[in-house]
Amino acid sequence: MSALQIQRLFPYQAADKARGEQFKLKRWGRRTGKSRDSLHCSVVGHGPTDENGQPKWPGLAQGKHVLWIGPDYTQLSTVWLEEIYPRFNGADGCETNENDMSAWLGDNRLVMRTAKRENWKAMRGMGKNLGGVVIDEGAHMDLEGLLTDVVLPLTLDEDAWIIFGSTPNASHDGHVDEEGAKRTPSYFNILCEQQIKGEMPGWCQSHHDARSNPKISKRAFDRLVATYANQQVKLRQEVYAELLRGGAGFAFPELDELVHQALISPQPI
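Residues numbered from 1 in each chain as written. Predicted model: local features only at pLDDT ≥ 70, side-chain atom pairs only at ≥ 80, totals over all residues. Heavy atoms only, no water.

## Comments concerning the overall build of the chain
Along the chain, the regular secondary structure elements total 8 helices and 12 strands. Its C-alpha atoms give the chain a radius of gyration of 19 Å, within 12% of the compact-globule value 18 Å for 269 residues. Residue burial in the chain is summarised as follows: out of 269 residues, 50% are buried. Here the chain has roughly 13,000 Å² of accessible surface; of this, 49% comes from carbon and sulfur atoms. (Helix = DSSP H or I, 4+ residues; strand = E, 2+ residues; numbered from the N terminus. Rg over C-alpha atoms; globule rule 2.2 N^0.38 Å. Buried < 20%, exposed > 50% of the residue type's maximum accessible area, 1.4 Å probe, protein only. Areas by Shrake-Rupley, 256 points an atom, 1.4 Å probe, with all protein chains shown as cover.)

Below, the structure is given as structure tokens:
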């Protein structure tokens, strides 16, 4: 048996962890360590610490439960198998349940669920002793419906935090309004845009790509960029985590993405 091993944060991750806002939008590109950062915060908490070293926003180590939501089972399984199960399985005071995709630190539970609507009813009953919610890749799910119907009501009992870690998505995210209309861009993009405009008190946003990761060399980053040859929209969203509006591949696939596209690229916060 050994102690639970949690990945040490890189400087840009630690700076984001230290921020005091309750709701954190992490607009990070591929290979920036979104899942590891979110797991770290889920276990040890985040935000400024008090005189006793306790974080403003508690995690498992402070006696709280954490709900982790991903767009689908495939995405959640990757995080479970690479980050959560190897760390919790066999560690002192920890247990895992592979079938339920849950991990315990003592009596405190980290539970993973997909954003599929059939899970919404079950998630609604998880508010008791809930410290926080991780929404992983929220730009690729019906985030507005999930927040309105499930997550925001869950946070009320314990004044829980929410971490949104995602690459942006200027295309349809699965949400359909009351009139049956699809909306673009994703609700995650909309939240990011509103936060930049100063319309989201209590929220913060950070923006990074793989160049922030000190383990990624320039040569490796250039190789990553090269894999997106002739896929400029995906490159700008998945690698550089830029906010795009309109353009090819979104509402009108026949348009030229290099011409019919407005680009919003704010400075990192």
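## Remarks on helix 2 (residues 34-44)
Burial analysis of helix 2 places 9 of its 11 residues in the buried class, which makes it a mostly covered element. Among all positions in helix 2, only Lys34, Ser35, Asp37, Ser38, Leu39, His40, Cys41, Ser42 and Val43 are buried. Of the residues one or two after helix 2, Gly45 is the one with positive phi, at around 85 degrees.

## Concerning the nonpolar core
Ranked by size, the top nonpolar core spans 30 residues in total, and within it Ile135, Leu143, Leu146, Leu147, Val151, Phe164 and Leu191 carry the most contacts. Listed by contribution, the elements that provide at least two residues to this core are strand 1 (23-28), strand 4 (65-70), helix 4 (120-123), strand 8 (130-136), helix 5 (143-156), strand 9 (161-166) and helix 6 (187-196). Top element by residues in this core is helix 5. It accounts for 6 residues. Aside from chain neighbours lying at most four places away, what touches Leu191 is Leu25, Leu143, Leu147, Phe164, Met200 and Trp203. In this structure, Trp80, Ile84, Ala91 and Val134 belong to the second largest nonpolar core, which totals 23 residues. (Core = buried A, V, L, I, M, F, W, Y, C linked by side-chain atoms within 4.5 Å. Contact = heavy atoms within 4.5 Å.)

Bear in mind that shape data such as this cannot, by itself, settle questions of function.
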